[in-house]
Amino acid sequence: MSSKPAPRGRAARLARLIPAGRARAARTPFVLLVVLLLGGGLLGLLVLNSALSEGSFELDDIQRRTKSLTDEEQALQRDIDAYSAPDALQRRARELGMVPGGDPAFLGPDGSVKGVPSAAPRSAALTGPRAPEALTAAPSTVPATPSGTPTATPASRAATTPAATTPAPGGALRSAPTTPTPGR
């Protein structure tokens, strides 16, 4: 006989639910399932962490590029502001040979003239307009055309180009013939 007393009542019913000999065999697949789930979860976390780290590095690179491009944009905007300042425009206009004009006259829709036009002061008038290349090129250099042949120097070009407008007798302005600038 057995040394254990036989269960009675409720204990007997519960003992029938738990199989006696297969307890070890039923536990093995469950343990393997839990280990596989934990291992898969850890691998998933590792992959997710690597992807987040890579995204963080890309975000850092993009932020660094954005900062450098913003700095470049601000520098270019400062250059634009400096070039478009009224005193800078006036200085560059004088370098190009421009002079302040006289009093303007306006034409009405019916063809009537409003105001009395006047010419620019004679002291400010030049012998001819200066080309932009004359301001940047050194006087000793001779610029070349795309074909490689040298062109006239800016000083000789300015001397041969007549003024765009010349005052006519009676104060009216008339247009003088102009020659096109080579290469334009």
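These numbers were taken from a predicted model, which means no experiment stands behind them. (Residues numbered from 1 in each chain as written. Predicted model: local features only at pLDDT ≥ 70, side-chain atom pairs only at ≥ 80, totals over all residues. Heavy atoms only, no water.)

So, about the overall build of the protein. In terms of regular secondary structure, the protein is built from 5 helices and 4 strands. Going residue by residue from the N terminus, the α and β elements of the protein occur as α-α-α-β-β-α-α-β-β. (Helix = DSSP H or I, 4+ residues; strand = E, 2+ residues; numbered from the N terminus.)

So, about the environment of Pro117. One can find Pro117 in the loop between strand E2 (113-114) and helix H4 (132-136). Residues Pro117 and Phe106, 11 residues apart in the sequence, show an inter-C-alpha distance of 8.6 Å. The residues contacting Pro117, other than those within four sequence positions of it, are Asp103, Pro104 and Ala105. (Contact = heavy atoms within 4.5 Å.)

Moving on: a nonpolar patch on the surface. A cluster of nonpolar side chains, contributed by Phe30, Val31, Val34, Val35 and Leu38, occupies part of the molecular surface with about 470 Å² of accessible area. Along the polypeptide, Leu38 turns up in helix H2 (residues 23-83). For Leu38, a relative accessible area of 57% puts it in the exposed group. (Patch = residues over 30% accessible without salt bridge, like charges linked within 9 Å, V, L, I, M, F, W, Y side chains within 5 Å. Areas by Shrake-Rupley, 256 points an atom, 1.4 Å probe, with all protein chains shown as cover. Salt bridge = Lys/Arg side-chain N within 4 Å of Asp/Glu carboxyl O. Buried < 20%, exposed > 50% of the residue type's maximum accessible area, 1.4 Å probe, protein only.)

Evaluation of the coordinates by the stated rule reveals 4 salt bridges. Across the pair Asp60 and Arg64 runs a salt bridge, and its minimum N-O distance is 2.6 Å. With Asp60 and Arg64 both in helix H2 and 4 residues apart, the pair spans about one turn of that helix. Residue class for Asp60 comes out partly exposed when judged on its relative accessible area of 36%. Lys67 serves as the salt-bridge partner of Asp71, at 3.3 Å between the closest nitrogen and oxygen.

Summary statistics for the protein give a mean pLDDT of 74 and a share of 61% for residues scoring 70 or more. Confidence, read as mean pLDDT per element, is least for helix H5 (residues 154-160) in the protein (44) and greatest for H2 (93). Long-range and interchain partners of residues 137-168, a stretch whose pLDDT sits below 50, account for 42 contacts in this model, where long-range means more than four residues apart. Segment residues 170-177: pLDDT under 50, and 15 contacts once partners within four positions in sequence are set aside and those in other chains are kept. (pLDDT = per-residue confidence, 0-100.)

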